[in-house]
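# Working through the structure, step by step
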Amino acid sequence: MSRTWTAIDFETANHDRGSACAVGLVRVRDGAVVDRYTTLIRPPRQVDFFSRHNIAVHGITAADVADAPSWEQAHARIVEFADGGPLVAHNAAFDMGVLRQACGHTGLSHPAWEYACTLALSRRTWSGLPDHKLPTVCAHIGHRVTHHHRADADAEAAARIVIAAMERYGTPSLADLTRAARTDLRRVEALPGSAVPAPVPAAAAPVQPALLAASAAAAAPEDRFGRWQRDARTPLPEPSPDADPTGPLYGRTVCVSGDLESMDKPEVWRRVAEAGGRPAKNVTRKTDMLVLGGHGGPGKTAKHLRAEIYRERGQRIDLVTEAELLALLGMTTRP
């Protein structure tokens, strides 16, 4: 089956990985694209608000998905489209996390999936590139990404990366490719659920009032205390198993003090985890990096002061600015 596989890309409504709001699928057989599918998605009810940060990335709003298929309907289509074959994604830990968490929110079962990560693959295959972000790798292989962060375009880009790598290594299947590139076909185990995926209807699903109400609340200005409460409730992601062990954040425990201009804290935590780091909400004896953001007041924050105390005691804690963090993440602007 690894001669037939599906490239997949999700966009999410907010920092929760289960808040899928779009998916793109590209099916490849024997090195040639044979089918494509894309749709907007109404995120699961528990996480159906759209954050300003995510809207700034992909441009999708609550109004755009009002008549879109639900996650249950979209998931049924994904399972049907992939037809038991492996999945491929750029930074696959994120997209596999969307599958798992959205199914968890909705009580859906999902099958076991084998998958490959084109981020890890491109690092092995074209190690001399300045970075391995999707547009950089695609520019190198001669594929132009015209609408980065649109699910159909990014799924197509991931497919083209695998096809180019297969041509470079002379391999006929995804399994052969991962062996040649010294990466792995990973696996997401099957998840039993309490709900049955609904078929995709011919007519569009009606908008849920909860979606619009939550979106309106998310669109309203949020004060510092509201952000603090939201961040305190947000669980920290685990470091990605697909991260580059030679990366500058791999294995490091990273905490953020204050607010960053480019992204909120849950987004920082997600990106740090995808780089192999371990995000933390507080400065402790395990912390070895503190990102210094703005805090709207004089002096230093409590986290900053605590970090300085640990440093005086001999603990290594690097104090970095937002610009330095973006550089460590390989971001000169929001990707």
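Residues numbered from 1 in each chain as written. Predicted model: local features only at pLDDT ≥ 70, side-chain atom pairs only at ≥ 80, totals over all residues. Heavy atoms only, no water.

For the chain, the name recorded in an unreviewed UniProt entry is Exonuclease RNase T and DNA polymerase III, with Nocardiopsis dassonvillei as its organism.

## Comments concerning the pairing of strand E10 (residues 318–321)
Judged from the four bridges that link them, strand E9 (residues 289–292) and E10 form a sheet pairing that is parallel. Within E10, the residue paired with Leu290 across the bridge is Leu319. (Pairing = 2+ DSSP bridges. Helix = DSSP H or I, 4+ residues; strand = E, 2+ residues; numbered from the N terminus.)

## Remarks on helix H6 (residues 151–169)
Because an α-helix packs 3.6 residues into every turn, residues spaced three or four apart end up facing the same way. Here H6 contains 19 residues, and its C-alpha end-to-end distance of 27 Å stays within 8% of the 27 Å for a straight helix at 1.5 Å per residue. Of all 19 residues making up H6, 14 are buried, and the element is well covered by its neighbours. Just downstream of H6 lies Gly170, where phi reads positive at about 70°. (Expected span 1.5 Å × (residues − 1). Buried < 20%, exposed > 50% of the residue type's maximum accessible area, 1.4 Å probe, protein only.)

## Details of the sheet that holds strand E6 (residues 186–188)
Pairing in this open sheet of six strands is mixed, and the strands run E3-E2-E1-E4-E5-E6 from one edge to the other. A single partner strand is all that each edge strand has here, and the edge strands are strand E3 (32–40) and E6. Pairwise comparison of adjacent strand axes, ignoring direction, gives a mean angle of 30° for this sheet. Across nine bridges, the pairing between strand E1 (residues 4–12) and strand E2 (residues 20–29) is antiparallel. Paired with Thr12 across the bridge in E2 is Ala20. Seen against the sheet, helix H3 (residues 92–106) touches E1, E2, strand E4 (87–89), strand E5 (113–117) and E6 and runs at an angle of roughly 80° to E1. (Axes fitted to C-alpha atoms, helices over the stretch in contact; angles between N-to-C directions. Contact = heavy atoms within 4.5 Å.)

## Remarks on the sheet that holds strand E7 (residues 253–257)
The parallel open sheet is built from four strands, whose spatial order is E8-E7-E9-E10. This sheet does not close on itself; its edge strands, each paired only once, are strand E8 (278–280) and E10. In this sheet, neighbouring strand axes are inclined to one another by 30° on average, regardless of whether the strands run parallel or antiparallel. Where E7 and E9 come together, four bridges link them in parallel fashion. Within E9, the position partnered with Cys255 by the bridge is Leu290. Strand contacts of helix H10 (residues 265–274): E7 and E8, with the helix running at about 155° to E8, the strand carrying the most contacts.

## A short note on unusual backbone geometry
Positive phi outside glycine occurs at Asp30, with the angle close to 50°. Summarising the element assignment, Asp30 is placed in the loop between E2 and E3. Unusually for a residue other than glycine, Arg182 sits at a positive phi of about 60°. Considering the arrangement of structural elements, one finds Arg182 in the loop between helix H7 (174–180) and E6. The class for Arg182 is exposed, based on a relative accessible area of 56%.

## A short note on the packing of aromatic side chains
The full count for this structure, using the stated rule, is one aromatic pair. Arranged with centres 5.9 Å apart and planes meeting at 50°, the rings of Phe10 and Trp71 form a pair that is tilted. With Phe10 in strand E1 and Trp71 in helix H2 (residues 71–82), this pair connects stretches of sequence that are 61 residues apart. For Trp71, a relative accessible area of 0% corresponds to the buried category. (Phe/Tyr/Trp six-rings, centres within 6.5 Å; stacked < 30°, edge-to-face > 60°.)

## Notes on the pattern of salt bridges
Where charged atoms from two side chains of opposite charge approach closely, those side chains can pair. Counting across every chain of the model gives 17 salt bridges. One salt bridge in this structure joins Arg278 and Glu238, with 3.2 Å as the shortest N-O distance. Of the two residues, Arg278 sits in strand E8 while Glu238 sits in the loop between helix H9 (224–233) and E7, which places them 40 residues apart along the sequence. By relative accessible area, Arg278 is classed as partly exposed at 41%. Where Arg271 meets Glu267, a salt bridge forms, and the shortest distance between an N and an O atom there is 3.0 Å. Here Arg271 pairs with Glu267, and both are found in helix H10, just four residues apart, close to one helical turn. Owing to a relative accessible area of 4%, Glu267 belongs among the buried residues under this scheme. Three or more residues joined by partner-sharing salt bridges are found here, namely Arg17, Glu267, Arg270, Arg271 and Glu274. (Salt bridge = Lys/Arg side-chain N within 4 Å of Asp/Glu carboxyl O.)

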